[in-house]
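Residue strings, one per chain:
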Amino acid sequence: MSVHKDLIKHAKNQNQSYQEFKALDELREKYIEEAVELCKQGKPFTTDKINEVTNKMNRINLRIISLRKNVTTEMVQEYANSLKNK
């Protein structure tokens, strides 16, 4: 019975971690979109908020999900330019 309770507890913790990761991933995408939009308009932007969320995501211990890379201003500029060329 103890093993069963431990498994339930572990599954609950994993699900909670996954939900936190998922919420952070959505926030990260929002910040990326904001930076790309500012870049496309020629306005100043930073990747600080993006990377702060990225680092929080990478600290969550989910073995099934790979680590996210930090974003540089050059990466945002390249992506924004690729959108202009489409």
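Remember, predicted model here, so these are calculated numbers, not experimental data.

The next thing to look at is the packing of helix H1 (residues 2-40) against helix H2 (residues 48-59). Remark: H1 packs on H2, axes separated minimally by 9 Å, with the N-to-C direction vectors making an angle of 160°. Taken together, H1 and H2 sit at an angle that is classed as roughly antiparallel. When you trace H1 past H2, the crossing you get is left-handed. Contacts from Phe21, Leu24, Asp25, Leu27, Arg28, Tyr31, Ile32, Glu34 and Ala35 in H1 reach Lys49, Ile50, Val53, Thr54, Lys56 and Met57 in H2. Along the lines of polarity and charge, the residues of the contact of H1 with H2 split into nine nonpolar, one polar and five charged.

As a further point, take the nonpolar core. One finds Ile50 and Val76 to be the most contacted residues of the largest nonpolar core, which totals 16 residues. Of all the secondary-structure elements, those providing two or more residues to this core are H1, H2 and helix H3 (73-84). Per-element accounting of this core gives the leading share, seven residues, to H1. Contacts of valine 76, omitting those with residues within four sequence positions, involve Ala35, Val36, Cys39, Phe45, Thr47 and Val71.

Before going further, it helps to spend a moment on H1. End to end, H1 covers 57 Å across 39 residues, agreeing with the expected 57 Å (1.5 Å per residue, within 8%). What H1 keeps buried is the set Phe21, Leu24, Arg28, Tyr31, Ile32, Ala35, Val36 and Cys39. On its buried face, H1 sits against H2 and H3. Positive phi shows up at glycine 42, right after H1, with a value of about 75°.

Quick look at the environment of asparagine 13 now. With respect to the helices and strands, the residue asparagine 13 is situated in helix H1. Sequence separation between asparagine 13 and glutamate 37 is 24 residues, and the spatial gap between their C-alpha atoms is 36 Å.

What counts and how
- Residues numbered from 1 in each chain as written.
- Predicted model: local features only at pLDDT ≥ 70, side-chain atom pairs only at ≥ 80, totals over all residues.
- Heavy atoms only, no water.
- Axes fitted to C-alpha atoms, helices over the stretch in contact; angles between N-to-C directions.
- Helix = DSSP H or I, 4+ residues; strand = E, 2+ residues; numbered from the N terminus.
- Parallel < 35°, antiparallel > 145°, perpendicular 65-115°, else oblique.
- Left-handed = near helix turned anticlockwise from the far one by under 90°.
- Contact = heavy atoms within 4.5 Å.
- Nonpolar A, V, L, I, M, F, W, Y, C, P; charged D, E, K, R; others polar.
- Core = buried A, V, L, I, M, F, W, Y, C linked by side-chain atoms within 4.5 Å.
- Buried < 20%, exposed > 50% of the residue type's maximum accessible area, 1.4 Å probe, protein only.
- Expected span 1.5 Å × (residues − 1).

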